[in-house]
Amino acid sequence: MKLYVYDAGQCDPKKCTAKKIARFGLITSVNVLRKIPYKTLLLVPNAEKALSRADRNYTTSITVFDCSWHKLAAFDDPLKKLKVKKRALPYLIAANPVNYGRPFILSSVEAFAAALFVLGEQEQSQQILGKFKWGPEFLRLNEERLCAYSRAKDSSEVVALQSEFMDRVKKSKKS
């Protein structure tokens, strides 16, 4: 699958996972919203639908919106105007050194890897994570969730599975 990143220019270039995999030629970086390919799946945390394997039928590319989580609201209006399919990733745990163990706060490479895995591109998922020493840990931490999400037939099943995984975490914290 072709991989793109919209670079909002907000991350530390030394820690930016998207910049690193771009240097390896594994993704294409764009810095103007209108250059995001029309038939791509745009991964944004505030999308109305969760990514599912059914989305594989509509696209040959994934675009990650790379910006600071704290500054995402500034892009709400421009993102609404984009005529591309927007999808959110389901509940997953970060393995990157900055946010290790935190749910939902994934680096760009973790977002790409998760999306590729869910869409059935496990080999490409492993390839991009292989550029980071903590990359295999992301797959280890999320193996059960990623496998379940990749078997779900559509977004509603992914959301139901996400709820189950989150309920399990809540129950384990209470005991």
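Residues numbered from 1 in each chain as written. Predicted model: local features only at pLDDT ≥ 70, side-chain atom pairs only at ≥ 80, totals over all residues. Heavy atoms only, no water.

S.K.: What am I meant to see in the packing of aromatic side chains here?
M.R.: Enumeration according to the criterion identifies four aromatic pairs in this entry. Taking 4.9 Å as the distance between ring centres and 15 degrees as the angle between the ring planes, the aromatic pair formed by Tyr6 and Phe65 counts as stacked. Note that Tyr6 is positioned in strand S1 (residues 2-7) and Phe65 in strand S4 (residues 61-66), a separation of 59 residues in sequence. You'll find Tyr6 and Phe65 in the same group, each marked buried. A cation sits over an aromatic face here: Lys20 above Phe132, 4.6 Å from the ring centre. Note that Lys85 overlies the ring of Tyr58, its terminal NZ or CZ placed 4.8 Å from the centroid. (Phe/Tyr/Trp six-rings, centres within 6.5 Å; stacked < 30°, edge-to-face > 60°. Helix = DSSP H or I, 4+ residues; strand = E, 2+ residues; numbered from the N terminus. Buried < 20%, exposed > 50% of the residue type's maximum accessible area, 1.4 Å probe, protein only. Lys NZ or Arg CZ within 6 Å of the ring centre and 35° of its normal.)

S.K.: Sorry, what's going on with the nonpolar core here?
M.R.: Nonpolar side chains tend to gather and get buried jointly when the protein is soluble and globular. Membership of the largest hydrophobic core comes to 44 residues, with the highest contact counts inside it found for Ile62, Phe112 and Phe138. Elements with a contribution of two residues or more to this core: S1, helix H1 (17-23), strand S3 (41-43), S4, helix H3 (108-118), helix H4 (122-129), helix H5 (135-151) and helix H6 (155-174). Formed by twelve residues, the second largest nonpolar core is a distinct cluster that contains Leu33, Leu42, Phe65 and Leu82. (Core = buried A, V, L, I, M, F, W, Y, C linked by side-chain atoms within 4.5 Å.)

S.K.: Honestly, the side chain of Thr17 in this entry has me stumped. Any pointers?
M.R.: Structurally, Thr17 is set in helix H1. For Thr17, a relative accessible area of 8% gives the class buried. Among all residues touching Thr17, those that are not within four sequence positions of it are Ser107, Ser108, Val109, Phe132 and Trp134. (Contact = heavy atoms within 4.5 Å.)

S.K.: Looking at this structure, I do not really get H3. What am I missing?
M.R.: Residues separated by three or four positions in an α-helix point in the same direction, a consequence of the helix having 3.6 residues per turn. Most of H3 is tucked away: eleven of the eleven residues are buried. Ser108, Val109, Glu110, Ala111, Phe112, Ala113, Ala114, Ala115, Leu116, Phe117 and Val118 are the residues of H3 that are buried. Each element contacted by the buried residues of H3 is listed here: S1, H1, S3, S4, H4 and H5. Where H3 terminates, the next one or two residues include Gly120, which has phi positive at roughly 95 degrees.

S.K.: I tried to follow the sheet that holds strand S2 (residues 28-30) on my own but got confused; where do I start?
M.R.: Through backbone hydrogen bonds, the strands of a sheet pair up, either in parallel or in antiparallel fashion. Taken in spatial order, the five strands line up as S2-S1-S4-S3-S5 in an open sheet, and their pairing is parallel. The open sheet has two edge strands with one neighbour each: S2 and strand S5 (85-87). Averaged over all pairs of adjacent strands, the angle between their axes in this sheet comes to 30 degrees, without regard to strand direction. Relative to S4, S1 is paired through six bridges, and the arrangement is parallel. Note that in S4 the partner of Tyr4 across the bridge is Thr63. Across the sheet, H3 touches S1, S3 and S4, and the angle it forms with S4 is around 150 degrees. (Pairing = 2+ DSSP bridges. Axes fitted to C-alpha atoms, helices over the stretch in contact; angles between N-to-C directions.)

S.K.: What's the story with the pairing of S1 in this structure? I'm lost.
M.R.: Walk down a regular strand and you will see the side chains alternate between the two sheet faces. For S1, the buried fraction is high: five of the six residues fall into the buried class. Summarising the sheet, S1 and S2 pair through three bridges and their orientation is parallel. In the sheet register, Tyr6 faces S2, and the bridge partner there is Val30.

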